[in-house]
Amino acid sequence: MKLTTRGHYSVKALLDLSLQPQFGPTSVKAIADRQELPAPYLEKLLLEMCHAGLVKSVRGTTEGYQLARHPAQISLGQILEAVGETIDPLPRSSRDSEQAEDWVTDRLWNQLHQKLKESLYTISLEDFYFDARSWQAYQEEETNFVV
């Protein structure tokens, strides 16, 4: 599995939204500024996550985006899936299953991939948030996440 920019930016954006008081709305510009992300690209990702039911758009005087669910109900797997991030294993150059060691290797990689996928769907945004906050406290940083 390879995590792309889409995945990085999406997780950072939702972590940022989880910091808002009562998970209230915040603007794309505010998130982009805090997380040092390009606002137009971030807007597209937030729209994709809105369609997936992870965030919702709020109009009016407090216009912006906010989490659609509590962070404990949003998994990293759901975030990545919402923006089209593949969770499939990276392709291998050769798959000659006629040799026993190749079959064993394929079996091992398939099992590892399945465990990784399960883990992504059991780690919630809330879990990741607490890990990120601990790291930030150690680094004495404010709200820019390293994912």
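Residues numbered from 1 in each chain as written. Predicted model: local features only at pLDDT ≥ 70, side-chain atom pairs only at ≥ 80, totals over all residues. Heavy atoms only, no water.

### Description of the overall build of the protein chain
Consideration 1: Of the regular secondary structure elements, the protein chain holds six helices and two strands.
Consideration 2: If you list the helices and strands of the protein chain from N to C, you get α-α-α-β-β-α-α-α.
Consideration 3: Here the protein chain holds 147 residues, and 34% of them are scored as buried.
Consideration 4: By sequence separation, contacts in the protein chain at least 24 residues apart represent 66% of the contacts at least 6 residues apart. (Helix = DSSP H or I, 4+ residues; strand = E, 2+ residues; numbered from the N terminus. Buried < 20%, exposed > 50% of the residue type's maximum accessible area, 1.4 Å probe, protein only. Contact = heavy atoms within 4.5 Å.)

### Brief notes about the environment of L76
Consideration 1: Tracing the chain through its elements places L76 in helix α4 (residues 76-82).
Consideration 2: Residue L76 is classed as buried on the basis of its relative accessible area of 8%.
Consideration 3: Sequence separation between L76 and E126 is 50 residues; the distance between their C-alpha atoms is 9.8 Å.
Consideration 4: Among all residues touching L76, those that are not within four sequence positions of it are V11, L120, I123 and F128.

### Notes on the packing of aromatic side chains
Consideration 1: What the rule picks out here adds up to one aromatic pair.
Consideration 2: Residues Y9 and Y41 carry aromatic rings whose centres are separated by 5.7 Å and whose planes lie at 75 degrees to one another, so their mutual orientation is edge-to-face. Taken together, the residues Y9 in helix α1 (residues 5-18) and Y41 in helix α3 (residues 39-51) connect sequence positions 32 residues apart. (Phe/Tyr/Trp six-rings, centres within 6.5 Å; stacked < 30°, edge-to-face > 60°.)

### Structural notes on the pattern of salt bridges
Consideration 1: Scanning the entire structure with this criterion turns up four salt bridges.
Consideration 2: Linking R34 and D16 is a salt bridge whose minimum nitrogen-to-oxygen distance equals 2.6 Å. Residue R34 is located in helix α2 (residues 28-35), and its partner D16 is located in helix α1; the two are separated by 18 residues in the primary sequence.
Consideration 3: The residue R59 makes a salt bridge to E63 at a minimum N-O spacing of 3.9 Å. (Salt bridge = Lys/Arg side-chain N within 4 Å of Asp/Glu carboxyl O.)

### Some words on α1
Consideration 1: Taking 1.5 Å per residue as the helical rise, α1 with its 14 residues ought to reach 20 Å, and the 20 Å between its terminal C-alpha atoms agrees with that figure.
Consideration 2: Counting buried positions along α1 gives 10 out of 14 residues, so the element sits mostly inside the fold.
Consideration 3: Listing the buried residues of α1 in full gives G7, S10, V11, K12, A13, L14, L15, D16, L17 and S18. (Expected span 1.5 Å × (residues − 1).)

### Notes on α2
Consideration 1: Along α2, the residues that are buried comprise V28, I31, A32 and Q35. Viewed end-on, α2 has its buried residues packed into an arc of 100 degrees, placing them on one side of the element.
Consideration 2: Those residues of α2 that are buried lie in contact with α1, α3 and β2 (64-67).
Consideration 3: Two residues or fewer past α2, E36 is found with a positive phi of approximately 55 degrees. (Arc of directions from axis to C-beta.)

### Some points on a nonpolar patch on the surface
Consideration 1: There is a patch of nonpolar side chains on the surface, built from L108, W109 and L112 and spanning about 310 Å² of accessible area.
Consideration 2: Along the chain, the position of W109 falls in helix α5 (residues 100-122).
Consideration 3: Take W109: its relative accessible area is 48%, and that puts it in the partly exposed class. (Patch = residues over 30% accessible without salt bridge, like charges linked within 9 Å, V, L, I, M, F, W, Y side chains within 5 Å. Areas by Shrake-Rupley, 256 points an atom, 1.4 Å probe, with all protein chains shown as cover.)

Note that all results are geometric; they support no functional claim without further evidence.
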